[in-house]
Amino acid sequence: MTIDTITADEIRATPPGDLAIWFFIFAELLAFGVFFVAYAFARAHNVALFDESQQHLDITSGAVNTLVLITSSYFMVRAVAAIKLGFARGCARWIAAAIGLGGVFLAIKLVEFHDKFSAGISLSTNTFYMFYLSLTIFHFMHVILGMVILAAVMLKAKRGGYSAQDHTGVETGASYWHMVDLLWIILFPLVYVIH
Amino acid sequence: MQFKSQAVAKPYFIAAIALFVGQILFGLIMGFQYVVGDFLFPEIPFNVARMVHTNLLIVWLLFGFMGAAYYLIPEEAETELFSPKLALITFWVFLAAGALTVVGYLAVPYATLAEMTGNNMLATMGREFLEQPLPTKIGIVIVALVFLFNISMTVLKGRKTSISLVLLLGLWGLAVFFLFSFYNPSNLVLDKYFWWWTVHLWVEGVWELILGAMLAFVLIKITGVDREVIEKWLYVIIAMTLITGIIGTGHHYFWIGTPEYWQWFGSVFSALEPIPFFMMTVFAFNMVNRRRREHPNKAATLWALGTGVMAFLGAGVWGFLHTLAPVNFYTHGSQITAAHGHMAFYGAYVMVNLTMISYAMPLLRGRSANSPSAQVLEMWSFWLMTVSIVFITLFLTAAGILQIWLQRMGDNPMSFMAAQDQIMLFYWMREAAGFVFLLGLVLYIWSFFKKGEVQAAA
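In this convention, every chain numbers its residues from 1, walking through the sequence in written order. Ligands are numbered from 1 and chains lettered from A, in the order in which they are written. Whole-chain, interface and lining totals are the exception, using all residues; otherwise, since this is a predicted model, local features are given only for residues with pLDDT of at least 70 and side-chain atom pairs are given and counted only at 80 or more. To get the side-chain values, take all heavy atoms of the structure and skip hydrogens and water.

Would you take a moment to explain the overall build of chain B for this structure?
Numbering of helices and strands runs from the N terminus; a helix is a DSSP stretch of H or I covering at least four residues, while a strand is a stretch of E covering at least two. Tallying secondary structure elements over chain B gives 16 helices and 0 strands in all. The C-alpha radius of gyration computed for chain B amounts to 22 Å, which stays within 12% of the reference 23 Å derived for 458 residues, consistent with globular compactness. For chain B, the spread of C-alpha atoms along the principal axes amounts to about 70 × 45 × 45 Å. Out of the 458 residues belonging to chain B, those deemed buried represent 61%. Sequence separation of at least 24 residues holds for 82% of the intrachain contacts in chain B that already meet a minimum separation of 6. All accessible areas in this document rest on Shrake-Rupley with a 1.4 Å probe, and a residue is counted as covered only by the protein chains that are shown. Of the roughly 18,200 Å² of accessible surface on chain B, 71% is carried by carbon and sulfur atoms. Positive charges are assigned to Lys and Arg, negative charges to Asp and Glu, while His and the chain termini are left out of the count. Taken as the charge centre is NZ of Lys, CZ of Arg, CG of Asp or CD of Glu, depending on the residue. Averaging the positions of the 24 positive and the 23 negative side-chain charges in chain B gives two centres separated by 12 Å. When we talk radius of gyration, it's over C-alpha atoms, and the globule rule is simply 2.2 Å times the number of residues to the 0.38. With a 1.4 Å probe rolled over the protein chains alone, any residue whose accessible area is under 20% of its type maximum counts as buried; one over 50% counts as exposed, and the rest are partly exposed. The contact rule is simple, with two residues in contact once any of their heavy atoms fall within 4.5 Å.

Which parts of the structure should I look at to understand the overall build of chain A?
Looking only at helices and strands, one finds 6 helices and 0 strands in chain A. Helices and strands in chain A line up, N terminus first, as α-α-α-α-α-α. Across its three principal directions, the C-alpha atoms of chain A cover 55 × 30 × 25 Å. Counting across all 195 residues of chain A, residues that qualify as buried make up 47%. Here the analysis covers contacts within chain A between residues at least 6 apart in sequence; of these, 81% occur between residues at least 24 apart. Taken as a whole, chain A presents about 9,100 Å² of accessible surface, with 69% of it coming from carbon and sulfur. Separation of charge centres in chain A, based on 11 positive and 13 negative side chains, amounts to 10 Å.

Looking at this structure, how should I read helix 4 (residues 88–118) of chain A?
Residues that lie three or four places apart on an α-helix share one face, since the helix turns once every 3.6 residues. Expected span of a helix, by definition, is 1.5 Å for each gap between consecutive residues, and there is one gap fewer than residues. Look at helix 4 of chain A: 45 Å from first C-alpha to last across 31 residues, which is about the 45 Å you get at 1.5 Å a residue. Positive backbone phi, approximately 85°, marks A:Gly120, located one or two places after helix 4 of chain A.

How should I be thinking about the environment of B:Phe91 in this particular structure?
You can see B:Phe91 is positioned in helix 3 (residues 84–107). It is 38 Å that separates the C-alpha atoms of B:Phe91 and B:Met429, two residues lying 338 residues apart in sequence.

Would you take a moment to explain the packing of helix 1 (residues 9–35) of chain B against helix 3 of chain B for this structure?
Helix-helix packing: each pair is described by the crossing angle between the helix axes and the interaxial distance. All names here are of chain B. At a minimum axis separation of 11 Å, helix 1 and helix 3 run at an interaxial angle of 15°. In terms of axis orientation, helix 1 runs roughly parallel to helix 3. Classified by chirality, the crossing of helix 3 by helix 1 is left-handed. Packed against helix 1, whose contacting residues are Pro-11, Tyr-12, Ala-15 and Phe-26, the element helix 3 presents Ala-87, Leu-88, Thr-90, Phe-91, Leu-95 and Leu-106 at the interface. Ten residue types, Ala, Val, Leu, Ile, Met, Phe, Trp, Tyr, Cys and Pro, are classed as nonpolar, four, Asp, Glu, Lys and Arg, as charged, and the remainder, Gly among them, as polar. Partitioning the contact of helix 1 with helix 3 into residue classes produces 9 nonpolar, 1 polar and no charged. Axis lines are fitted to C-alpha atoms, over the contacting stretch for helices. Their N-to-C directions set the angle, which ranges from 0 to 180 degrees. Here the angle decides the label: under 35 degrees means roughly parallel, over 145 means roughly antiparallel, 65 to 115 means roughly perpendicular, and every other value means oblique. Definitions for this section: a left-handed crossing has its near helix turned counterclockwise from the far helix by less than a right angle. A right-handed crossing has that turn clockwise.

Hey, could you run me through the interface of chain B and chain A in this one?
How big an interface is tends to be reported as the loss of accessible area on association of its parts. At the junction of the two partners, chain B supplies 13 residues and chain A supplies 18 residues. Buried surface area refers to the total accessible area, computed with a probe of radius 1.4 Å, that the two partners give up upon joining, counted for both partners together. Note on chain B versus chain A: buried area summed over both sides is about 1,400 Å², and carbon and sulfur give 90% of it. Per-residue buried area on chain B facing chain A is highest for B:Tyr261, B:Trp264 and B:Val268; these three make up 35% of the total on that side. Only one rule defines a salt bridge in this text: a Lys or Arg side-chain nitrogen within 4 Å of an Asp or Glu carboxyl oxygen. Across the contact surface, chain B and chain A share 1 salt bridge. Residue B:Lys232 pairs with A:Asp18 through a salt bridge whose shortest N-O separation is 3.3 Å. Whenever a nitrogen or oxygen atom comes within 3.5 Å of another N or O atom, the pair is scored as a polar contact, on the condition that within protein one atom can donate a hydrogen and the other can accept it, and that pairs from neighbouring residues in sequence are kept only if both atoms are in side chains. Across the chain B-chain A interface, the total number found is 1 residue pair in polar contact (both at pLDDT 80 or more). Those elements that provide at least two residues to the side of chain B that touches chain A are helix 8 (227–248) and helix 9 (261–271) of chain B. When grouped by side-chain class, the residues that make up the side of chain B that touches chain A number 12 nonpolar, no polar and 1 charged.

So what exactly am I meant to see when it comes to the packing of aromatic side chains here?
Within a pair of aromatic rings, the relevant descriptors are the distance that separates the centres and the angle that separates the planes. Any two of the Phe, Tyr and Trp rings considered here, Trp counted by its six-membered ring, make a pair once their centres fall within 6.5 Å; the pair's planes then place it as stacked at under 30 degrees, edge-to-face at over 60, or tilted in between. Counted according to the given criterion, the structure contains 77 aromatic pairs over all chains. For the pair A:Phe128 and A:Tyr132, a centre-to-centre distance of 6.4 Å together with 10° between the ring planes defines the contact as stacked. With A:Phe128 and A:Tyr132 both in helix 5 (residues 127–158) and 4 residues apart, this pair spans about one turn of that helix. Taken as a pair, A:Phe128 and A:Tyr132 share a single burial class, namely buried. We call a charge positioned above a ring when the Lys NZ or Arg CZ atom is no farther than 6 Å from the ring centre and deviates by at most 35 degrees from the ring normal. When the ring centre of B:Trp195 is taken as reference, the NZ or CZ atom of B:Lys192 above it lies at 4.1 Å. For the cation-ring pair, B:Arg430 lies above B:Tyr34, with the distance from its terminal atom to the ring centre recorded as 4.6 Å.

Looking at this model, I keep getting lost on the environment of B:Glu128. Mind explaining?
All names here are of chain B. On the secondary structure map, Glu-128 appears in the loop between helix 4 (110–116) and helix 5 (134–157). Overall, the relative accessible area of 29% leaves Glu-128 in the partly exposed class. Linking Glu-128 and Met-51, residues 77 residues apart in sequence, is a C-alpha distance of 7.8 Å. Not counting residues within four places of it along the chain, the set of residues in contact with Glu-128 comprises Arg-50 and Trp-195.

I tried to follow the nonpolar core on my own but got confused; where do I start?
Buried together is how nonpolar side chains tend to be arranged in soluble globular proteins. Residue and element names in this part refer to chain B. As used in this record, nonpolar core signifies buried Ala, Val, Leu, Ile, Met, Phe, Trp, Tyr and Cys residues forming a set joined through side-chain atoms within 4.5 Å. Counting 141 residues, the largest nonpolar core has Phe-65, Tyr-70, Leu-171, Trp-207 and Leu-219 as its most contacted members. Here this core gets 20 residues from one element, more than from any other, and that element is helix 2 (residues 46–77). Aside from chain neighbours lying at most four places away, what touches Phe-65 is Leu-171, Leu-174, Trp-207, Ile-210, Met-214, Tyr-349, Val-352 and Asn-353.

Is there a simple way to think about the confidence of the model for chain B in this case?
Should pLDDT be low for a region, the predicted coordinates there are not to be read in detail. Known as pLDDT, the predictor's confidence for each residue is given on a scale from 0 to 100. Per-residue confidence for chain B averages 96 on the pLDDT scale, and 100% of its residues sit at or above 70. Here the predicted complex carries an ipTM of 0.81, next to a pTM of 0.91.

What should I look at first to understand a nonpolar patch on the surface in this one?
Patch membership is restricted to residues that have no salt bridge and whose relative accessible area is over 30%. Joining uses 9 Å for like charges and 5 Å for the nonpolar side chains Val, Leu, Ile, Met, Phe, Trp and Tyr. A cluster of nonpolar side chains, namely B:Trp383, B:Val387, B:Phe391 and B:Leu394, defines an oily patch on the protein surface of about 370 Å² accessible area. When you line up the elements, B:Val387 lands in helix 14 (residues 372–408).

Encoded structure:
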């Protein structure tokens with residue numbers, strides 16, 4: 001079986017992975033959701049300031065980072081597919097690749113932060129930068145947490161802790177990682193692109 | 001009771017209830033001073049009554065937490081307590097320190113007490129909830145350290161469960177954050193900023209871990225649901241508590257001179273603080289519905305369910321009511337805050353302590369549950385106290401809305417005292433509800449002495 005041929009009996013009543021992670025994901029999405037709504041609300045009251053400040057963001061690095069995270073998410077899909085076929089080492093390698101791209105994301109983001117901070121920008125510069133910095137730093141920390149979770153899953157996979165029958169942990173990690181990706185996919189256009 | 005040393009919990013529970021009575025009496029005195037300003041003046045001025053009311057609350061809740069830990073930890077760790085003797089010594093030290101402090105509050109003017117107790121060496125007094133004289137504060141730290149040493153050693157030598165680890169994390173956090181009560185910078189902004197590290201990070205942070213662990217323990221015992229299921233819930237709830245509660249501290253930083261971004265941080269994160277409380281409610285009901293046994297202690301089950309509901313209403317809903325910065329701009333420090341404070345403390349921390357006491361006390365007295373007639377009495381006390389706190393909250397909320405309207409909105413806002421005169425009716429009704437609460441508390445204590453047929457503990 002490959003990922004292209006998911007059969008009907010694979011469609012389950014419960015979401016993949018541990019149910020607890022879905023409570024967690026739901027809560028995280030809610031937290032970011034509230035922040036996104038607050039952003040929209042604040043922007044509506046001060047469109048000119050937001051548009052002006054947005055000009056100074058580095059859209060290219062944001063776009064590259066979007067590709068990096070989506071690719072990383074794809075690697076996690078491959079990791080889940082691999083373990084479903086019982087390939088534990090293949091699974092671990094795909095996860096390692098996903099973590100690697102997470103690292104690339106962080107590196108690019110750090111360069112961006114460095115530029116902003118050395119330009120003297122802080123949380124108190126203006127409302128736009130308050131949102132830009134809070135949202136991206138908050139997301140940055142989630143990427144780190146995601147990488148930690150993936151690393152734990154990878155180590156267990158390497159030790160042969162998962163099998164074709166029993167791989168809830170891999171799905172749990174993948175679910176969280178996809179959420180981190182999803183958040184960026186919303187965050188990037190919202191904060192960097194939409195004028 | 002599975003381990004002999006669990007018996008040290010008993011004096012803690014008894015002291016907790018005794019101090020609870022004191023808290024309520026001073027609440028009633030103070031509630032009466034709201035309507036008859038010079039009642040008991042100059043013997044017990046309002047500020048002293050308030051200090052005793054809030055300090056007794058905190059101290060009795062701490063007694064409850066400690067008693068709960070001494071009961072729960074040996075059973076979870078499946079071993080006797082490291083040192084029951086130490087637990088009894090700290091009990092008497094803590095009780096004596098608490099009693100002396102209250103005597104100090106009542107016997108001499110606060111400024112004199114400050115002079116007598118060395119406040120000029122290290123000024124820590126004069127701040128709401130942290131009014132304790134320096135020796136008391138140091139005593140609290142010593143008692144807390146000995147207590148933590150005792151239970152940590154017990155866990156270390158025994159079985160380590162999620163419940164005891166979460167409880168330990170909560171209790172260690174409690175001790176660590178109390179240290180900020182010694183830090184009193186002369187800059188008022190910094191003073192307030194770190195003052196909340198004790199006050200907020202207790203009740204909206206580490207205390208919630210203690211609450212979660214205590215509730216989970218009682219639910220395992222009374223429902224017989226698998227530990228794995230309950231522990232998973234506990235972890236998710238704890239994670240949510242910390243995610244929302246820590247940065248949620250920002251909802252106290254709106255108007256004290258901190259940077260403006262706190263208005264956003266505080267609003268967003270604290271708006272999510274009801275979630276862990278809501279999950280706790282769902283958790284409690286879910287576990288009771290999936291119960292695998294019919295525990296004879298119906299009263300404890302009622303308290304556990306009540307904790308879930310009332311904590312969510314009091315801390316969650318009434319907190320959310322005024323947590324958003326644009327709303328708080330008007331409601332800050334009004335009777336809305338008092339309404340929230342009453343229901344949140346009762347719903348979360350009073351009730352979880354009473355849940356624990358209700359479950360553990362019969363076992364400490366050698367029976368699996370109290371007699372049916374004693375339980376009926378206890379359930380009456382549950383309803384009287386709970387319903388009256390709901391009314392206290394509603395009356396204070398009404399008073400608060402009116403106060404804000406008269407004093408802070410409109411074309412001709414009134415002065416503080418003029419506005420207070422207009423809302424007297426609600427203060428009278430609050431006081432009446434307070435007496436019903438006292439009645440509930442009396443019934444509660446009576447239920448301990450009510451005889452009847454009991455099953456011996458298994």
